[in-house]
Amino acid sequence: MINEKIKISTKNLNVFYGSKQALFDISINLVQNKVTALIGPSGCGKSTFIRCLNRMNDVIDICKVEGSIKIDGDEINKKDLDVNLIREKVGMVFQKPNPFPKSIYDNIAYGPRIHGLAENREDLDNIVEHSLKKAALWDEVKDRLTQPGTGLSGGQQQRLCIARTISINPDVILMDEPCSALDPIATAKIEELIDELKEIYTIVIVTHSMSQAARVSQDTGFFHLGKILEFNSTEKIFKNPDNKLTQDYITGRFG
Amino acid sequence: MNKPSHIVKSYEEQLKLLEETIIKMGTKAEEQLSMSIDAFAKKDLELARKIIAEDEVIDAYENSIEHQVVNLIALRQPMGIDLRETVTALKISSDLERIGDLSKNIAKKTMLINKNLSVNLINSFNLLGNKVKKQLKSVIDSYLERSKNFAKNVWESDEQADILTNQCMEDVIKYLKEDEQNLQNGAQLLFIAKNLERIGDHTTNIAEQVYFLVTGEYLEGDRPKNTESEML
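Rules behind the numbers
Residues numbered from 1 in each chain as written. Chains lettered and ligands numbered in written order. Predicted model: local features only at pLDDT ≥ 70, side-chain atom pairs only at ≥ 80, totals over all residues. Heavy atoms only, no water. Contact = heavy atoms within 4.5 Å. Buried area = accessible area lost by both parts, 1.4 Å probe. Salt bridge = Lys/Arg side-chain N within 4 Å of Asp/Glu carboxyl O. Polar contact = N/O pair within 3.5 Å; in protein donor to acceptor, adjacent residues only side chain to side chain. Helix = DSSP H or I, 4+ residues; strand = E, 2+ residues; numbered from the N terminus. Nonpolar A, V, L, I, M, F, W, Y, C, P; charged D, E, K, R; others polar. Buried < 20%, exposed > 50% of the residue type's maximum accessible area, 1.4 Å probe, protein only. 1 Å grid on protein atoms, 1.4 Å probe; cavity = no way out; pocket = protein on both sides within 12 Å on 5 of 7 lines; lining within 4 Å. Points joined across faces, edges and corners; volume = space filled by probe spheres on them. Phe/Tyr/Trp six-rings, centres within 6.5 Å; stacked < 30°, edge-to-face > 60°. Lys NZ or Arg CZ within 6 Å of the ring centre and 35° of its normal. Disulfide = S-S within 2.5 Å. Expected span 1.5 Å × (residues − 1). Arc of directions from axis to C-beta. Axes fitted to C-alpha atoms, helices over the stretch in contact; angles between N-to-C directions. Parallel < 35°, antiparallel > 145°, perpendicular 65-115°, else oblique.

This next bit is on the interface of chain B and chain A. Each partner contributes residues to the interface: chain B has 18 residues there, and chain A has 16 residues. Here chain B meets chain A over a buried area of about 1500 Å², counting both sides, of which 55% is carbon and sulfur. Taken together, chain B and chain A are joined by one salt bridge. A salt bridge links Asp-82 of chain B to Arg-253 of chain A, with the shortest nitrogen-to-oxygen separation between them at 2.9 Å. At the surface where chain B touches chain A, the tally comes to ten residue pairs in polar contact (both at pLDDT 80 or more). When residues of the side of chain B that touches chain A are assigned to their parent elements, the largest contribution, five residues, is made by helix α3 (residues 80-112) of chain B. Its residues assigned to classes, the side of chain B that touches chain A comprises eight nonpolar, six polar and four charged.

Before going further, it helps to spend a moment on unusual backbone geometry. Residue and element names in this part refer to chain A. You will see that Asp-25, though not glycine, has its phi angle at about 45°, which is positive. A relative accessible area of 46% places Asp-25 in the partly exposed class. Despite not being glycine, Asp-72 shows a phi value in the positive range, around 50°. For Asp-72, the position within the fold is in the loop between β5 (63-71) and β6 (74-75).

Let us now look at empty space enclosed by the protein. Residues and elements named next belong to chain B. This model, assessed by the stated rule, comprises two cavities of 30 Å³ or more. Considered as a void within the structure, the largest cavity measures approximately 50 Å³ in volume. Contributing to the lining of the largest cavity are Ser-36, Ile-37, Phe-40, Ile-106, Phe-125, Asn-126, Ile-192 and Leu-196. Elements that contribute at least two residues to the lining of the largest cavity include exactly α1 (9-42), α4 (119-145) and α6 (183-215). With three residues, α1 is the largest single contributor of residues to the lining of the largest cavity. Broken down by class, the residue content of the lining of the largest cavity amounts to six nonpolar, two polar and no charged. One number sums up the size of the second largest cavity: a volume of about 30 Å³. In terms of lining residues, the second largest cavity is bounded by Ile-22, Ile-92, Leu-96, Val-139, Ile-140, Tyr-143 and Ile-206.

The subject of this paragraph is the packing of aromatic side chains. A complete count under the given rule lists five aromatic pairs over all chains for this structure. With a centroid separation of 4.7 Å and an interplanar angle of 10°, the aromatic rings of Phe-212 of chain B and Tyr-218 of chain B are classed as stacked. Across the ring face of Phe-100 of chain A, the terminal group of Arg-164 of chain A is positioned such that the distance to the ring centre comes to 4.2 Å. A cation sits over an aromatic face here: Lys-109 of chain B above Phe-191 of chain B, 4.5 Å from the ring centre.

Further remarks concern the state of the cysteines. Note: disulfide means a covalent bond formed between the sulfur atoms of two cysteine side chains. A complete count under the given rule lists zero disulfides over all chains for this structure. Cys-161 of chain A provides the cysteine sulfur closest to Cys-179 of chain A, a residue in no disulfide bond, and the two sulfurs are 12 Å apart.

Close approach of charged atoms allows side chains of opposite charge to pair. Counted under the stated rule, the structure contains 31 salt bridges over all chains. Across the salt bridge formed by Lys-34 of chain A and Asp-219 of chain A, the nearest N and O atoms sit 3.6 Å from each other. Placement of Lys-34 of chain A in the loop between β3 (29-31) and β4 (35-39) and of Asp-219 of chain A in strand β10 (residues 219-224) is noted, with a sequence separation of 185 residues between them. A single burial state applies to Lys-34 of chain A and to Asp-219 of chain A, both of which are buried. For the salt bridge of Asp-101 of chain B with Arg-98 of chain B, the shortest nitrogen-to-oxygen distance reads 2.9 Å.

Right, let's talk about helix α7 (residues 184-197) of chain A for a bit. All names here are of chain A. The first and last C-alpha atoms of α7 sit 19 Å apart over 14 residues, in line with the 20 Å expected at 1.5 Å per residue. Of all the residues in α7, the buried ones are Ala-186, Thr-187, Ile-190, Glu-191, Leu-193, Ile-194 and Leu-197. For α7, the buried positions fall inside an angular range of 160° around the axis, keeping them on one side. Of the exposed residues in α7, those oriented more than 90 degrees away from the buried face are Pro-184 and Ile-185.

Looking now at the packing of helix α5 (residues 148-178) of chain B against α6 of chain B. Residue and element names in this part refer to chain B. Orientation of α5 relative to α6, taken along the N-to-C sense of each, is 170°, at an axis distance of 9 Å. By the angle between their axes, α5 is roughly antiparallel relative to α6. The residue inventory of the contact of α5 with α6, partitioned by class, reads 16 nonpolar, seven polar and eight charged.

So far we have only geometry, and geometry alone does not tell us how the molecule works.
Laid out in structure tokens, this is it:
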């Protein structure tokens, strides 16, 4: 399609945990301002894959990542790179909301403070307000910013974590099953948020819910035993997938 | 793509039931059409009455399919091949319902014909009737076999039904010209020819659905058509 810019590109990406290979030759392109869903049975490598995109696998000693990962054309899978710079650019939201044991305000202000994004208190106030608004949480918490973030409901906590991710102004947001611990209303709010956020960010979401992948994403990749078996438009994947295993998986026929 | 069974058995059973209902409905529509052609050819009024009464069987199948499809969408959120099975079932059932209606109309018009018709005229209608009957049978087979080629054949062969319709129309016009007294019957005959042609069109709609069901793609381009009959 015209005007599509590749944001992230991986080539022959292989990941090993010790002697066990977790990913095999993953070569895909993730398009800017699109939501890409990654689906596949547990243990297929989708979380391992997104953890490569902000070098989260670095913290696992036995993990070895080979191959190329380019963001905006720059290789990020090389030794002499400051991983903090990548994580500033590529934020992440996890399965279970994990706010810091701090106030709502400080949950958001923490990142901008350590990354030196605010000159003064007013700057910081603005970032906090802007991030909470972007995460559709501002109206619900604006009168209790000093209260602990852990006191919010699960869905609110997850939006707080999204606001925290947004606060350092990343380009890419990775989400690893962000709704699996949420009720349908909280899920709908996150999905609406994903829809809005893609105007600004490039989003990669790992999900076990086929209907969620269908609802929120434009592209979908199907992982199986560490390989990517099909990467296609979401419409194609859920209407008429090319690969037989994709079809068996999405229709619940997986043997 | 051949497909293994669903992990959830009750889902598999629901999809199977939907398919079986379509086949039963298709078989019933074939039967109604076949009887309406016979009733016309033999001027069998009792048979015509039976066709009119039994149309409700087809309507009941349509209701059942609509109900099943809405439930599947609401409760199972079908994807991929299951989605195509579900959506095409709904569309095929509405074409079959129309075929049932048109067969009933042929029976009604048959009852209004008050004079014996010439063998030539009846033969002309038989040719057309048997052609669309064959198309309906083939398209139901294509659904049963999940055969895109069968479906495409039906889609392409409807042109012949159009040609036979034109022949019928010409014969009816000749019949009208023979005697002013023929006006009443001639009008019914034109309706019957038109109804048969419409049934042919519905079989091509079903063929398109079967093609989409099997391939996930739409039959592209214009169907070969003989458009003269559409002028009438």
